[in-house]
Amino acid sequence: MDHSPGPDSCAELRAQVGELTAEWRDAGRYVPRSDSWLRSFDLEFSKELAARGLIAMTYPKEFGGAARTNVERLAVTEELLRAGAPVAAHWIGDRQIGPAVLRHGTRELQEEIVPRIASGDAVFCLGMSEPEAGSDLASVKTTAERTDGGWLVNGHKIWTTQAHHATHAYLLARTSREERKHDGLSEFVLDMDAEGVQVTPIVDLAGEHHFNEVRFENVFVPAHRVIGEVGKGWKQVVEQLSFERGGAERSLSSYPVLVELIAESARRHDDRELHALLGSLVARLAVLRRLCFEVASAMDAGQAPVQQAAALKFLGNAFEHDVIEALRRTDLCQDPAFDSTFGQALLASPAFSLRGGAAEVLLSLIARQEARS
Amino acid sequence: MSQFADELRSLVDDLAASGRPDLWGSLCDLGLPRVGIDEAKGGSGGSLDDLLVVVESLAGHGIGVPVVEASTADWVLGHGRELDGDLTAILLLDRAPDTASGALTAELTAVPWARDAARLVLCAPDSAPLLVDLRHTSVTVRDVENIAGEPRDTVILTDTPVLALDSAPSHDEVRERLALLWSAAVLGAARGAYKLTKTYVSEREQFGAPLLKIPAVAGNLARMRVQLVQAEAALALAREAEPLSGAVGIARITTAAAATEIAQIAHQLHGAMGITEEYPLHRLTRRLWSWRDAVASERRWAENLGRRAAGAGETGVWTRITATGR
């Protein structure tokens with residue numbers, strides 16, 4: 001099958017997103033902001049995108065998808081991030097859970113979950129991190145034990161973004177104790193309104209509530225809600241992380257700050273220092289964009305580019321930080337208002353290189369692959 | 001990537017391993033420096049992509065031969081005349097010199113390989129390139145070396161006759177070709193430094209295990225790898241982009257930044273071993289330090305790109321960035 005989209009289809013998609021975001025922005029229906037993919041939650045906007053076929057783009061048509069390529073999807077996600085649009089309601093489900101269920105889920109699970117992600121009805125949170133595990137995902141302690149017709153889940157997840165809005169959770173749980181801690185892990189889809197699920201807010205340093213703790217006490221999960229093979233969840237998680245890490249959101253979280261920097265550089269046309277700084281940032285963004293494209297192309301070719309996605313995330317997060325730092329070379333950083341572009345981005349920035357794998361973890365992953373090669 | 005990439009790479013690898021004293025002569029005999037120039041003009045055929053592979057592979061072995069300069073000079077010359085066996089040097093000037101009398105008096109600094117060259121091509125903005133006969137009696141060449149030990153001579157012209165090359169490429173085109181080739185050279189040398197370092201930390205034992213077992217060492221090796229990934233992507237971008245679109249500047253900035261970090265980490269991980277003359281690392285790092293700012297410094301490319309970005313505005317920048325790589 002030929003996966004390559006024509007440049008025209010990407011240009012059309014970009015224009016379509018541009019029109020929609022401009023319309024909503026001009027009508028005051030959203031205010032562009034940094035880190036919108038995590039912080040701007042608007043179910044109505046997600047459903048609007050769904051109605052236009054702009055989420056679940058790579059999913060097969062029979063499950064409500066648009067059967068488009070990852071490269072085309074990249075064009076859409078880039079334009080949404082560029083516009084700082086409120087996309088948090090569908091982002092995780094669309095990016096990660098839909099593809100994971102499509103790759104590994106049973107037909108029954110696919111039919112149940114995927115069309116609801118595609119329509120914007122299922123809102124997902126990620127139950128991966130745990131208080132004792134930190135970045136060491138393989139040491140999760142949340143358990144799922146077999147019971148009549150399914151599983152009983154007990155445990156405690158943390159840093160669960162948008163769990164308070166979510167209809168579903170993706171859950172990584174231990175289904176057996178094995179010698180290697182990477183064995184015996186399984187992936188599940190959980191209903192957030194099931195009995196025994198308890199969500200407690202964690203307010204961040206900006207005073208905003210995106211994070212949560214989630215506790216599971218004897219939560220029943222029906223048997224068909226396992227994703228893939230019981231006990232073999234690790235390989236799937238690693239693969240899934242290339243969807244999580246390799247996207248444009250890993251370089252564009254502070255894009256609104258870059259926009260201000262471009263405008264400020266135009267105003268200060270004699271400032272060679274500032275131009276050089278802007279130039280090196282633009283060069284880095286162009287290369288990051290190229291890497292994003294390569295990751296998307298690799299996915300279209302059926303690969304899970306784990307190392308490339310990790311490198312992209314590492315470089316992208318450093319870029320996101322440096323863009324904010326660059327604005328400090330101008331007067332725009334003085335007394336930044338709490339809700340200014342700079343203020344918002346700065347307060348969001350500590351999370352950039354943590355979520356989806358801390359910088360050090362990414363480096364050690366890359367190093368391990370290097371040692372093997 | 002070139003369809004002959006693997007073949008060209010193994011050809012260069014074999015030559016590098018052969019330890020021949022006159023490597024440049026062997027390269028010329030095989031026609032490698034004239035890859036990317038039409039056979040009808042005395043070149044070896046093939047594409048610029050093929051030439052990039054040759055440059056990158058040679059650099060990966062830390063070999064210092066005038067392949068970038070000579071191939072570009074020959075490419076300029078090949079537009080108007082048939083090539084012979086002599087080496088031609090090339091130099092970019094910031095502004096056109098006064099040659100109204102058909103002769104030139106000037107002191108030119110940092111002319112690559114002038115001492116070995118028979119001719120010199122001078123390229124200045126808004127004027128035809130000039131050809132200088134370096135063996136003319138009015139020419140004096142003073143030997144100077146860059147920090148990699150490569151010839152960057154001073155050429156003194158005293159009323160030396162010059163010939164305008166009318167059908168030759170423009171200054172900007174020559175500058176871009178040189179910049180692209182230097183980007184490939186930097187990427188090659190960076191890859192060479194990476195490979196050498198990886199082997200070293202995998203084999204050298206301290207505290208009872210290979211250095212690579214120390215997490216900080218492994219992390220630094222990964223940083224080198226990440227820089228390589230970035231430099232490779234930048235070069236791929238530049239190869240595929242429209243000429244004069246700014247993509248070569250991006251490759252220059254990216255490979256220069258990668259060179260800086262890779263050289264620094266390579267020495268850190270090698271410890272004192274890396275600073276001996278005997279050990280081959282310096283052949284790569286000294287070249288990285290020289291080549292990263294050849295033609296124009298990283299800072300100048302960045303300033304230029306930043307000024308373009310400021311002029312284009314957000315929409316312009318975004319459109320350019322997202323148009324590449326399709």
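Quantities reported herein were computed from a predicted structural model and do not represent experimental measurements. (Residues numbered from 1 in each chain as written. Chains lettered and ligands numbered in written order. Predicted model: local features only at pLDDT ≥ 70, side-chain atom pairs only at ≥ 80, totals over all residues. Heavy atoms only, no water.)

A. Spotlight on the overall build of chain A. Each helix and strand in chain A was counted, giving 12 helices and 8 strands. Over its C-alpha trace chain A gives a radius of gyration of 21 Å, about what one expects of a compact globule, namely 21 Å for 373 residues. Of all 373 residues assigned to chain A, the portion counted as buried reaches 58%. Partitioning the intrachain contacts of chain A with sequence separation of at least 6 by distance along the chain shows that 73% fall at a separation of at least 24. Per element, the accessible surface of chain A, about 14,900 Å² overall, is 49% carbon and sulfur. Mean positive and mean negative side-chain charge positions of chain A (40 and 54 charges, respectively) differ by 4 Å. (Helix = DSSP H or I, 4+ residues; strand = E, 2+ residues; numbered from the N terminus. Rg over C-alpha atoms; globule rule 2.2 N^0.38 Å. Buried < 20%, exposed > 50% of the residue type's maximum accessible area, 1.4 Å probe, protein only. Contact = heavy atoms within 4.5 Å. Areas by Shrake-Rupley, 256 points an atom, 1.4 Å probe, with all protein chains shown as cover. Lys, Arg positive; Asp, Glu negative; His and termini not counted. Charge placed at Lys NZ, Arg CZ, Asp CG, Glu CD.)

B. Local environment of the overall build of chain B. The secondary structure content of chain B amounts to 9 helices and 8 strands. Computed over the C-alpha atoms, the radius of gyration of chain B is 21 Å, within 12% of the 20 Å expected from 2.2 N^0.38 for a compact globule of 326 residues. The principal-axis extent of the C-alpha atoms belonging to chain B is close to 70 × 55 × 35 Å. The proportion of buried residues among the 326 residues of chain B is 57%. Sequence separation of at least 24 residues holds for 70% of the intrachain contacts in chain B that already meet a minimum separation of 6. Only carbon and sulfur atoms are counted for the fraction: they give 49% of the accessible area of chain B, which is about 13,900 Å².

C. Structural detail: the pairing of strand β1 (residues 124–127) of chain A. Residue and element names in this part refer to chain A. Burial of β1 is two-sided: the residues Phe-124 and Leu-126 facing one way and the residues Cys-125 and Gly-127 facing the other way are all buried. The sheet contact formed by β1 and strand β4 (residues 168–174) spans 4 bridges and is parallel. Opposite Gly-127, over in β4, you have Leu-171 as the bridge partner. (Pairing = 2+ DSSP bridges.)

D. Geometry of the interface of chain A and chain B. Opposite the 40 residues of chain A that make contact, chain B presents 37 residues. When the shortest N-O distance is used, the salt bridge between Arg-299 of chain B and Glu-273 of chain A registers 3.2 Å. Between chain A and chain B we count 8 residue pairs in polar contact (both at pLDDT 80 or more) in total. Elements that contribute at least two residues to the side of chain A that touches chain B include exactly α1 (7–26), α4 (70–82), α8 (255–267), α9 (272–300), α10 (306–327) and α12 (359–372) of chain A. (Salt bridge = Lys/Arg side-chain N within 4 Å of Asp/Glu carboxyl O. Polar contact = N/O pair within 3.5 Å; in protein donor to acceptor, adjacent residues only side chain to side chain.)

E. Seen up close, the packing of aromatic side chains. In this structure the tally under the stated criterion is 8 aromatic pairs over all chains. Ring plane angle 50° and centroid distance 6.2 Å describe the contact between Tyr-30 of chain A and Phe-45 of chain A, whose orientation is recorded as tilted. Of the two residues, Tyr-30 of chain A sits in the loop between α1 and α2 (36–39) while Phe-45 of chain A sits in helix α3 (residues 43–51), which places them 15 residues apart along the sequence. An identical accessibility class is assigned to Tyr-30 of chain A and Phe-45 of chain A; each is buried. Ring geometry for Tyr-200 of chain B against Tyr-279 of chain B: centres 6.3 Å apart, planes inclined by 70°, an arrangement best described as edge-to-face. (Phe/Tyr/Trp six-rings, centres within 6.5 Å; stacked < 30°, edge-to-face > 60°.)

F. Summary view of empty space enclosed by the protein. Using the criterion set out here, one finds 6 cavities of 30 Å³ or more in the structure. The space that makes up the largest cavity amounts to roughly 80 Å³. Taken together, 14 residues make up the lining of the largest cavity; nearest its centre are Val-65, Val-67, Val-68, Trp-182 and Trp-291 of chain B. Put simply, the parts of the chain that give the lining of the largest cavity at least two residues each are α3 (48–60), α4 (67–77) and α5 (171–203) of chain B. When the residues that make up the lining of the largest cavity are grouped by side-chain class, the tally is 11 nonpolar, no polar and 3 charged. When its volume is computed, the second largest cavity comes out at roughly 60 Å³. Forming the walls of the second largest cavity are Glu-78, Ala-248, Ser-251, Leu-252, Leu-285, Leu-288, Arg-289 and Cys-292 of chain A together with Trp-318, Ile-321 and Thr-322 of chain B. (1 Å grid on protein atoms, 1.4 Å probe; cavity = no way out; pocket = protein on both sides within 12 Å on 5 of 7 lines; lining within 4 Å. Points joined across faces, edges and corners; volume = space filled by probe spheres on them. Nonpolar A, V, L, I, M, F, W, Y, C, P; charged D, E, K, R; others polar.)

G. Representation of the nonpolar core. Grouped together as the largest cluster of nonpolar side chains are 184 residues, with contacts concentrated most on Leu-258 of chain A together with Leu-108, Leu-120, Leu-122 and Leu-288 of chain B. Ranked by the residues each element gives to this core, the list is headed by α9 of chain A, at 17 residues. When near neighbours in sequence (up to four residues on either side) are disregarded, Leu-120 of chain B contacts Thr-88, Ala-89, Ile-90, Leu-91, Leu-108, Val-111, Leu-130, Leu-131, Val-132 and Leu-134 of chain B. Judged by nonpolar contacts, the second largest core, of 24 residues, contains Ile-113, Leu-126, Leu-137 and Val-140 of chain A. (Core = buried A, V, L, I, M, F, W, Y, C linked by side-chain atoms within 4.5 Å.)

H. Fine view of the pairing of strand β3 (residues 150–157) of chain A. Residue and element names in this part refer to chain A. Here strand β2 (residues 143–147) runs beside β3; their pairing, made up of 5 bridges, is antiparallel. Residue pairing across strands places Arg-146 opposite Trp-151, the latter belonging to β3. In this structure, the hairpin formed by β2 and β3 is closed by a connection of 2 residues, where Gly-149 is found at a positive phi of approximately 75°. Summarising the sheet, β3 and strand β7 (residues 209–222) pair through 7 bridges and their orientation is antiparallel. Among the inter-strand pairings, Lys-157 is bridged to a residue of β7, identified as Val-214.

I. A look at unusual backbone geometry. Residue and element names in this part refer to chain B. The phi dihedral of Ala-110 falls on the positive side, at around 55°, and the residue is not glycine. Tracing the sequence through the fold places Ala-110 in strand β2 (residues 103–112). Of note in this structure, Phe-207 is not a glycine but carries a positive phi near 55°. One can find Phe-207 in the loop between β7 (205–206) and β8 (209–210).

J. Local environment of the packing of α10 of chain A against helix α6 (residues 215–240) of chain B. α6 of chain B packs onto α10 of chain A with a crossing angle of 95° between their chain directions and a minimal axis gap of 10 Å. By the angle class used here, α10 of chain A and α6 of chain B are roughly perpendicular. Of the residues in α6 of chain B, those in contact with Gln-307, Ala-311, Phe-314 and Leu-315 of chain A of α10 of chain A are Arg-223, Arg-225, Val-226, Val-229 and Gln-230 of chain B. (Axes fitted to C-alpha atoms, helices over the stretch in contact; angles between N-to-C directions. Parallel < 35°, antiparallel > 145°, perpendicular 65-115°, else oblique.)

K. Inspection of the state of the cysteines at higher detail. For the structure on display, the rule yields 0 disulfides over all chains. Cys-10 of chain A takes part in no disulfide bond, and the closest cysteine sulfur to it belongs to Cys-292 of chain A, at a distance of 13 Å. Cys-123 of chain B takes part in no disulfide bond, and the closest cysteine sulfur to it belongs to Cys-28 of chain B, at a distance of 20 Å. On the basis of relative accessibility, which here comes to 1%, the residue Cys-123 of chain B falls in the buried class. (Disulfide = S-S within 2.5 Å.)

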